[in-house]
Amino acid sequence: MVYFDKVSKIYSPTSTALDDVSFSIEPQEFLSLVGQSGAGKTTLLKLLLVEEKPTSGKIFFESQDVHALSRGELPFLRRRIGCVFQDFRLLSSKTAYENIAFAMEAAGRTDEDINSSVSQVLEVVGLVDKSWHFPHELSGGEKQRVAIARAIVNQPDLIVADEPTGNLDPLNTREIIEVLKKINEIGTTVLLATHNKDVVNALGKRVITIEKGKIIRDDKGGRYVI
Amino acid sequence: MLLIKIRRVIKVGFINFWRNGWLSLATILVMVITLFVFGSLILGRVLLNATLAQLQDKVDITVYFKTDAKEEEVIAIKDKLAKLNEVQDIIYISADKALSDFKDRHLNNALIAQSLDELAENPLGASLNIKAKDPAQYESISRFLEASAISSIDKINYRQNKVVIDRLSGILKAARTAGFGTTLVLSLIAILVAFNTIRLAIFTSKDEITVMRLVGASSRYIRGPFVVEGVMHGVFAAFITMIIFYPLLLWLGPLAEQFFGGPNLFAYYVSNFFQLFGILILVGAFLGSLSSLIATRRYLKV
């Protein structure tokens, strides 16, 4: 489904974020990407979302070279990839409901469609009673659940989560991971970047470990080992 | 689909305008300053042009004919002059009219009246009063008359007025250039101030713009609400500016009329209200939307 082909990202001669990275993600897989801070996890996700361009190498999403897409075509790719970030990245001037609806409105879905889908995902993440709250009126865990709802509402093929539990307490962490697992069980591919040992070990799914921009381990049913 | 998106863009633009509250208000106030400068420039030009036109109107040359010049001859010269491109207006003053004007002017002077009575015939000749389109053209008009060497012409008062006419035409030209230069510089400053304010307002949204892109919104869908907001800032600012002008001109109009002898600006404001309002709305909306477009551009690169 996703294929990284000899991807390197060099910010400056003294700072190489990714060095000749190749791997692929199969459909419906739950892949954890682990490594210390600065290992290159976030850069890897940014390249996949075309937030940044690689120095060399190609990244494919279902045989489409994502960096060959024009700025006008990018939204269509991004509507198929839901993303969740450590710092939530909600739209602060919009309510929880509007944040989730935005992803659908931007995709040009009808109002009835939006109403029913948003209510549905709000139920999935358990935030029906907070739907008209603004982000600053929500707790960290609630914000992240809104972000996840926004990521899944367009029924994407792939969910990319960059340290989604980095700012959360253990209880909220477990809840967020549970939601991700549930989404994966419905058939959505999940790419989770994290440095939370417990989360990775509890999942027991495929783990790719990167260090200093290189993949040093790729285990099916792996554990967090550094 | 397109209609749905346009509707959503406009709706979100209104909502953002309302939710941004103080930021919207601050932007509108800066825009009011910009539009106030624009409006003042328009009114200033009206005043300047009227004053200059009045001044220019005072400049003319007169061709005096000898007392024995025949009326047909004078009329013929008048027609010939009227065909010149440079000439705007010619007034023919017959000998009789000149005499009666003279008498009217000196009605209270018994001595003059008495001496006129003693003269058997009219001592004054006919004359042509010529107004050129441009003060600089009096030179060529008088040269034309001199070159035709018409024997019945007594004198042309251009030569003795030359210095005054030249100086006045220089002042008129300088005033126009200065007016144009000031307009240009002031509008440029006003535009930059408005543009930078909107840019700063949008700077606060730069992270949100990135998030919207990552969530799969097209650039146009992201920009739309900002443009709508920009137009709203412009329209509200135009509205406020027109309201500010009312009491200001009510007070300033008569004062300026007295000082410059020009038109009453308040009367101008009232009679050209919709035109003025329209210009300010257009300028405001154009500035607001263009600034939004330019300001969002750099954050849409993701």
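Residues numbered from 1 in each chain as written. Chains lettered and ligands numbered in written order. Predicted model: local features only at pLDDT ≥ 70, side-chain atom pairs only at ≥ 80, totals over all residues.

- Chain B has the name Cell division protein FtsX in an unreviewed UniProt entry.
- In its Sequence similarities (unreviewed entry) section, the UniProt record describing chain B reads: "Belongs to the ABC-4 integral membrane protein family. FtsX subfamily."
- Taken from UniProt, the Subcellular location (unreviewed entry) comment for chain B reads in full: "Cell membrane". (UniProt positions renumbered as here; feature names shortened; annotations may be inferred.)

**A look at the overall build of chain A**
Part 1: On a plain count of helices and strands, chain A comes out with seven helices and ten strands.
Part 2: The C-alpha radius of gyration of chain A comes to 17 Å, within 12% of the 17 Å expected for a compact globule of 226 residues.
Part 3: With respect to the three principal axes, the spread of C-alpha positions in chain A is 45 × 40 × 30 Å.
Part 4: The 226 residues of chain A split such that 44% are buried.
Part 5: Here the analysis covers contacts within chain A between residues at least 6 apart in sequence; of these, 66% occur between residues at least 24 apart. (Helix = DSSP H or I, 4+ residues; strand = E, 2+ residues; numbered from the N terminus. Rg over C-alpha atoms; globule rule 2.2 N^0.38 Å. Buried ≥ 20, exposed ≤ 12 C-beta atoms within 10 Å, placed from the backbone. Contact = placed C-beta atoms within 7 Å.)

**Quick look at the interface of chain B and chain A**
Part 1: Counting from both sides, the interface comprises 16 residues of chain B and, opposite them, 18 residues of chain A.
Part 2: Elements supplying a minimum of two residues to the side of chain B that touches chain A: helix H1 (2-19), helix H8 (206-214) and helix H9 (219-260) of chain B.
Part 3: Here the side of chain B that touches chain A takes five residues from H1 of chain B, the largest share from any one element.
Part 4: The class makeup of the residues in the side of chain B that touches chain A is eight nonpolar, four polar and four charged. (Nonpolar A, V, L, I, M, F, W, Y, C, P; charged D, E, K, R; others polar.)

**Quick notes on the domain arrangement of chain B**
Part 1: Under the domain assignment used here, chain B contains domain 1 (2-55 + 170-297) and domain 2 (67-151).
Part 2: Put simply, the middle of domain 1 of chain B and the middle of domain 2 of chain B, counted by C-alpha atoms, are 53 Å apart. (Domains from an automatic or database assignment.)

**Considering the confidence of the model for chain B**
Part 1: Confidence along chain B averages 85 in pLDDT terms, with 99% of residues attaining 70 or more.
Part 2: This complex was scored by the predictor with a pTM of 0.78 and an ipTM of 0.89. (pLDDT = per-residue confidence, 0-100.)

**Here we look at the sheet that holds strand S1 (residues 61-65) of chain B**
All names here are of chain B.
Part 1: The strand order S2-S3-S1-S4 describes an open sheet built from four strands, whose pairing is antiparallel. Either end of the sheet is taken by a strand with one partner, and the two such strands are strand S2 (87-93) and strand S4 (153-156). Neighbour to neighbour, the strand axes of the sheet diverge by 20 degrees on average, direction disregarded.
Part 2: Note that S1 and strand S3 (residues 127-132) share four bridges and pair antiparallel. Paired with Tyr64 across the bridge in S3 is Ser127.
Part 3: Helix H3 (residues 71-82) rests against S1, S2 and S3 of the sheet, and its axis sits at about 170 degrees to S2. (Pairing = 2+ DSSP bridges. Axes fitted to C-alpha atoms, helices over the stretch in contact; angles between N-to-C directions.)

**A few points about the environment of Ile141 of chain B**
All names here are of chain B.
Part 1: With respect to the helices, strands and loops of the structure, Ile141 is situated in helix H6 (residues 138-148).
Part 2: Separated by 57 residues in the primary sequence, Ile141 and Leu84 have C-alpha atoms spaced 8.4 Å apart.
Part 3: With sequence-adjacent residues up to four places away left out, Ile141 is seen in contact with Ile61, Leu84, Glu86, Val87, Ile130 and Ala132.

**Some points on the UniProt feature "transmembrane region" (unreviewed entry) in chain B**
Residue and element names in this part refer to chain B.
Part 1: Mapped onto the present numbering, the UniProt feature "transmembrane region" (unreviewed entry) falls on residues 21-43, 184-205, 226-253 and 273-295.
Part 2: With 100% helix and 0% strand, residues 226-253 has its two end C-alpha atoms placed 38 Å apart.
Part 3: End C-alpha atoms of residues 273-295 are separated by 32 Å, and the span's content is 100% helix alongside 0% strand.

**Re unusual backbone geometry**
Residue and element names in this part refer to chain A.
Part 1: Backbone geometry at Glu163 places phi at a positive 45 degrees, although glycine is not the residue there.
Part 2: Its place among the elements puts Glu163 in the loop between strand S7 (158-162) and helix H6 (170-186).
Part 3: Judged by C-beta crowding, with 21 C-beta atoms within 10 Å, Glu163 ranks as buried.
Part 4: Unlike most non-glycine residues, Lys212 shows phi in positive territory, near 45 degrees.
Part 5: With respect to the helices and strands, Lys212 occurs in the loop between strand S9 (206-211) and strand S10 (214-219).

**Brief notes about the sheet that holds strand S6 (residues 81-85) of chain A**
Residues and elements named next belong to chain A.
Part 1: Here we have six strands laid out as an open sheet, ordered S6-S7-S8-S3-S9-S10, and mixed in their pairing. Two strands lie at the open edges of the sheet, namely S6 and S10, each paired on one side alone. Going from strand to strand, the sheet's axes swing by 15 degrees on average, the running direction of each strand aside.
Part 2: Judged from the five bridges that link them, S6 and S7 form a sheet pairing that is parallel. Looking at the pairing, Val84 lines up with Ala161 of S7.
Part 3: The sheet contacts of helix H5 (residues 140-152) involve S6 and S7, and relative to S6 the element is tilted by about 170 degrees.
Part 4: Where H6 meets the sheet, its contacts fall on strand S3 (30-34), S7 and strand S8 (189-194), and the angle it forms with S8 comes to roughly 155 degrees.

**What to know about the UniProt feature "domain: ABC3 transporter permease C-terminal" (unreviewed entry) in chain B**
Part 1: Those places that UniProt annotates as "domain: ABC3 transporter permease C-terminal" (unreviewed entry) correspond, in this numbering, to residues 184-301 of chain B.
Part 2: Secondary structure content for residues 184-301 of chain B is 87% helix and 0% strand, and the end C-alpha separation is 33 Å.

**Structural notes on the pairing of S10 of chain A**
Residues and elements named next belong to chain A.
Part 1: Sheet topology note: the S9/S10 ladder contains five bridges and is antiparallel. In the strand pairing of S10, Ile210 is matched with Ile215.
Part 2: What sits between the antiparallel neighbours S9 and S10 is a turn of two residues, in which Lys212 has the positive phi angle 45 degrees.

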